Amino acid sequence: TGSSPGVVTQAWQPPPCWQYKLNFDGAIFEGGDGSGYGAVIRNDKGQVMVAISAKGGAVIDSEEVEALACRKALEVAVDTGFTDLIIEGDNAAVMKTITQVQQETYSQLGLIYEDIWCLLAGLNSVMVSCVRRSANNVAHVLAKHARLVANELVWMKEDPPPAVEALYLDSNLS
């Protein structure tokens, strides 16, 4: 598939050796009655270490669903022992806020951001980066897939079936 003239796309890039890349995304389901979170951790060869598709509740807006998806992704990363991460998401407001570690926040999402900062503080090394949706497509597909999930699905060291095509496209672009 080609790009329209003037549309800038960005390809997913693998992390350097000895680091892992965590991509996350959130999706608001049609009708606003629920949301979904998707995340994938990959190594320098683009291989899936862990991936998740999880259902969430109703949310107010895209910033809330993305912040919740970030928190869920970091919980999975910590629970599975990944401590050297490059974290990528496609919501500029969320990515900017999580880099402002321990700032006083009076937004309605303050407690979610505090949880994220606590999780980040437990990592050995972390780099946070905002990417275009085109570089975050596997997480996006997993977030949308959550609509079909009872609670959450986790894949360890295997390609998640709903995201096989997106993983294939990433491997051919990077």
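Residues numbered from 1 in each chain as written. Predicted model: local features only at pLDDT ≥ 70, side-chain atom pairs only at ≥ 80, totals over all residues. Heavy atoms only, no water.

(A) Local environment of the packing of helix α1 (residues 62-79) against helix α3 (residues 110-121). Interhelical geometry of α1 versus α3 gives an angle of 30 degrees and a closest axis separation of 10 Å. As far as their axial angle goes, α3 and α1 are roughly parallel. Between α1 and α3 the crossing geometry is left-handed. Listed contacts from α3 to E63, A67, L68, C70, R71, L74, E75 and V78 of α1 are I112, Y113, D115, I116, L119 and L120. Residues belonging to the contact of α1 with α3 are distributed by class as follows: 10 nonpolar, no polar and four charged. (Axes fitted to C-alpha atoms, helices over the stretch in contact; angles between N-to-C directions. Helix = DSSP H or I, 4+ residues; strand = E, 2+ residues; numbered from the N terminus. Parallel < 35°, antiparallel > 145°, perpendicular 65-115°, else oblique. Left-handed = near helix turned anticlockwise from the far one by under 90°. Contact = heavy atoms within 4.5 Å. Nonpolar A, V, L, I, M, F, W, Y, C, P; charged D, E, K, R; others polar.)

(B) Focus on the sheet that holds strand β3 (residues 48-56). Spatial ordering of the open sheet is given by β5-β4-β1-β2-β3-β6, a layout of six strands whose pairing is mixed. Edge positions in the open sheet fall to β5 (125-130) and β6 (152-156), since each of these has one partner strand only. Sheet twist, expressed as the mean angle between neighbouring strand axes with direction ignored, is 15 degrees. In terms of strand pairing, strand β2 (residues 35-42) meets β3 through eight bridges, oriented antiparallel. Its bridge partner being in β3, V40 is matched across the sheet by A51. Its contacts with the sheet place α1 against β1 (20-28), β2, β3, β4 (84-89) and β6, and it is angled at close to 140 degrees to β1. Across the sheet, helix α4 (residues 137-145) is in contact with β1, β2, β3 and β6; its angle to β2 comes to roughly 145 degrees. (Pairing = 2+ DSSP bridges.)

(C) Broad picture of the pairing of β2. In terms of burial, β2 is a largely internal element, eight of the eight residues being buried. Bridge count between β1 and β2: eight bridges; the pairing is antiparallel. Within β2, the residue paired with K21 across the bridge is R42. A loop of six residues connects β1 with β2, the two strands running antiparallel in sequence, and G31 in this loop sits at a positive phi of about 95 degrees. Linkage of β2 to β3, two consecutive antiparallel strands, is achieved through a turn of five residues, within which G46 is found at a positive phi near 85 degrees. (Buried < 20%, exposed > 50% of the residue type's maximum accessible area, 1.4 Å probe, protein only.)

(D) The arrangement of the packing of aromatic side chains in detail. The final tally for this structure, using the stated rule, is two aromatic pairs. Arranged with centres 6.3 Å apart and planes meeting at 25 degrees, the rings of Y113 and W117 form a pair that is stacked. With Y113 and W117 both in helix α3 and four residues apart, the pair spans about one turn of that helix. Classification of Y113 as buried rests on a relative accessible area of 1%. According to the relative accessible area criterion, W117 is buried, its value standing at 2%. Sitting over the ring of W12, K21 keeps its end group 5.5 Å from the ring centre. For the cation-ring pair, R42 lies above W12, with the distance from its terminal atom to the ring centre recorded as 3.8 Å. (Phe/Tyr/Trp six-rings, centres within 6.5 Å; stacked < 30°, edge-to-face > 60°. Lys NZ or Arg CZ within 6 Å of the ring centre and 35° of its normal.)

(E) Layout of the state of the cysteines. With the rule as written, the count across this model stands at zero disulfides. We note that C70 lacks a disulfide partner, and the nearest cysteine sulfur, in C130, lies 12 Å from it. Take C118: it sits in no disulfide, and the sulfur closest to it among the cysteines is that of C70, at 13 Å. (Disulfide = S-S within 2.5 Å.)

(F) Structural detail: unusual backbone geometry. The phi angle at W18 is positive, at roughly 70 degrees, despite the residue not being glycine. Positive phi values are uncommon outside glycine, yet K157 reaches one of about 50 degrees. Structurally, the position occupied by K157 is in the loop between β6 and α5 (164-173).

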